[in-house]
Amino acid sequence: MSIVWPRFDIRILTLPSGSARVARLPNPVFRAEVGNSQRALSSSKVSTPGEPSIHSVFEKVTGTWQYIIADPETKTAAIIDSVLDYDPVGLAITTRSADGLLDLAKKNGYKIDWILETHAHADHLTAAAYLQRQLEKTQSHRPQIGIGKRINQVQENFGAKYKVPKKEYEPVFDKLFDDDEVFEIGNLKAMAIHLPGHTPDHLGYKVGDNVFCGDTVFNADVGTARCDFPGGSVESLWESTRKLLKMPDNVKIWTGHDYPPDNRAEPMPFMTVKEHKEQNKHIKEGTTKDDFVTMRTERDASLKAPRLLHQSLQINIRAGHLPQPNEAGTRLLHTPLKLNTESF
Ligand SMILES: N[C@@H](CCC(=O)N[C@@H](CS)C(=O)NCC(=O)O)C(=O)O
Ligand SMILES: [Fe+2]
């Protein structure tokens, strides 16, 4: 049986933070290179103390922005929200997107200290465990996989639902971040910020004047993340958006996904706090909490479950490790059946 793979367009933007050469076409359309090969848009390195170099890589199949953020001085780096490719028809996992991140890190001479997750994603599989295993072989040390400390609630909930043995999810995360915990990426200071709403464990990572906000705020013409997953809360998401929009106007909010509407051709990795306050269709200035709660609740009631919901959750509570093979040597994921008849 031969599997025909979709072409995975990878979009990469290398943004030396602090650079005056940030290319925006016309605002808010962002220039990004598109193609099947890894290409960096900008190679000029103008570094500002405390600010990272940022590479954003778009995975088109699930609309996910993956990031590599690096300390320009020490070349120490973190990968945020990587994707493991999954073909729901062929039931095959491949590592093209993750290998793209590894190539990008290698090309830039980065030493990856951290593989960070903003939350247990319900729409795509994480490549964290795969990246960790590959990097362990090529670096002198093993990068740590980090996530918010409330991941254990999420693991227990979905672990019970999908009958995942505890030993397959308990030891998988190396670092559970506390709220507002400060950690280092080389000489850069990073902070884990609790941003619940989409999921209860959800974190953003702030580095310099950048927040990697995962699925909290999307670009202004998309709005915000859904809150109908277990442990999600529209009220909490509203409060999380307040935390973000209270930051200084120049702070860049790098989003976890982009789903460009028909009138926008290219995915964009970030918009500033100021741009969100002026333009975000769900939370711009003048929006009240009640407006938001009504809008988000109505929208969530109309959304279908993500295509890769079951596969994602079972892999992601394991930090991207695969299920152990059963006695027959087969690795299995569960998919619940929907029955629309009582005759069964
Ligand atoms: N059609 C996509 C849906 C993905 C999805 O539900 N995305 C989440 C983030 S994981 C979201 O917040 N969407 C916001 C919305 O559609 O309002 C899929 O099947 O994967
Ligand atoms: Fe998500």
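Reading the values: the criteria
- Residues numbered from 1 in each chain as written.
- Chains lettered and ligands numbered in written order.
- Predicted model: local features only at pLDDT ≥ 70, side-chain atom pairs only at ≥ 80, totals over all residues.
- Helix = DSSP H or I, 4+ residues; strand = E, 2+ residues; numbered from the N terminus.
- Buried ≥ 20, exposed ≤ 12 C-beta atoms within 10 Å, placed from the backbone.
- Contact = placed C-beta atoms within 7 Å.
- Core = buried A, V, L, I, M, F, W, Y, C linked by C-beta atoms within 7 Å.
- pLDDT = per-residue confidence, 0-100.
- Near = placed C-beta within 6 Å.
- Nonpolar A, V, L, I, M, F, W, Y, C, P; charged D, E, K, R; others polar.
- Axes fitted to C-alpha atoms, helices over the stretch in contact; angles between N-to-C directions.
- Parallel < 35°, antiparallel > 145°, perpendicular 65-115°, else oblique.
- Left-handed = near helix turned anticlockwise from the far one by under 90°.
- Pairing = 2+ DSSP bridges.

Our focus in this paragraph is the overall build of the protein chain. Along the protein chain, the regular secondary structure elements total 7 helices and 16 strands. Expressed as a percentage of the 344 residues in the protein chain, the buried residues total 45%. Summarising the internal contacts of the protein chain: among those between residues at least 6 apart in sequence, 71% fall at separations of at least 24.

In this section: the nonpolar core. Core analysis: the biggest nonpolar cluster contains 77 residues, and Ile68, Ile69 and Leu131 have the highest contact counts within it. Ignoring sequence-local partners within four residues, the contact set of Ile69 consists of Pro52, Ile54, Ala77, Ala78, Ile80, Ile185 and Val207.

Quick look at the confidence of the model for the protein chain now. Averaged over every residue, the pLDDT of the protein chain is 88; residues scoring 70 or more account for 87%. Predicted confidence is poor over residues 1-46, with pLDDT under 50, and the contacts of this stretch with residues over four places away or in other chains come to 89 contacts.

This brings us to the site of ligand 1. In the neighbourhood of ligand 1, the contacting residues comprise Thr62, His121, Ala122, Asp123, Asp215, Ala225, Arg226, His257, Arg299, Leu303, Pro306 and Arg307. A breakdown of the residues in the shell around ligand 1 according to their chemical character gives 4 nonpolar, 3 polar and 5 charged.

Next up on the list: the environment of Val207. Tracing the chain through its elements places Val207 in strand E13 (residues 203-207). Distance from Val207 to Ala190, taken between C-alpha atoms, is 4.7 Å for residues 17 residues apart in sequence. If near-sequence neighbours (up to four positions away) are discounted, Val207 is found in contact with Pro52, Ile69, Ile185, Leu188 and Ala190.

The set of residues buried in helix H2 (residues 128-138) consists of Ala128, Ala129, Tyr130, Leu131, Gln132 and Leu135. Taken together, the buried residues of H2 touch strand E5 (76-80), helix H1 (96-107), strand E8 (111-116) and strand E9 (144-148).

Contact pair H1 / H2: the axes reach a minimum separation of 10 Å and the direction vectors enclose 40°. It follows that H1 is oblique to H2 by the angle criterion. Crossing geometry of H1 relative to H2 is assigned as right-handed. Between H1 and H2, the contacting residues are Ala98, Leu101 and Leu102 on the first element and Tyr130, Leu131 and Gln134 on the second. When grouped by side-chain class, the residues that make up the contact of H1 with H2 number 5 nonpolar, 1 polar and no charged.

What follows covers the sheet that holds strand E11 (residues 182-185). Spatially, 6 strands are ordered E11-E12-E13-E14-E15-E16 in an open sheet, and the strand pairing comes out mixed. The outermost strands of the open sheet, each flanked by one partner alone, are E11 and strand E16 (270-272). Going from strand to strand, the sheet's axes swing by 25° on average, the running direction of each strand aside. Pairing of E13 with strand E14 (residues 210-214) involves 3 bridges; the strand directions are antiparallel. Bridge pairing in E14 places Lys206 opposite Val211.

With that settled, the discussion passes to the packing of helix H4 (residues 234-245) against helix H6 (residues 289-302). Between two packed helices, what matters for the description is the angle formed by their axes and the separation of those axes. Where H4 contacts H6, the axes come no closer than 10 Å and their chain directions differ by 130°. Viewed along their axes, H4 and H6 adopt a mutual orientation that is oblique. With respect to the hand of their crossing, H4 and H6 are arranged in right-handed fashion. Here H4 contributes Val234, Glu235, Leu237 and Trp238 to the contact with H6, which in turn contributes Lys289, Phe292, Val293, Arg296 and Thr297. When grouped by side-chain class, the residues that make up the contact of H4 with H6 number 5 nonpolar, 1 polar and 3 charged.

Another point: unusual backbone geometry. The phi angle at Leu91 is positive, at roughly 55°, despite the residue not being glycine. Turning to its location among the elements, Leu91 is positioned in the loop between strand E6 (85-87) and strand E7 (92-94). With 10 C-beta atoms counted inside 10 Å, the residue Leu91 sits in the exposed group.

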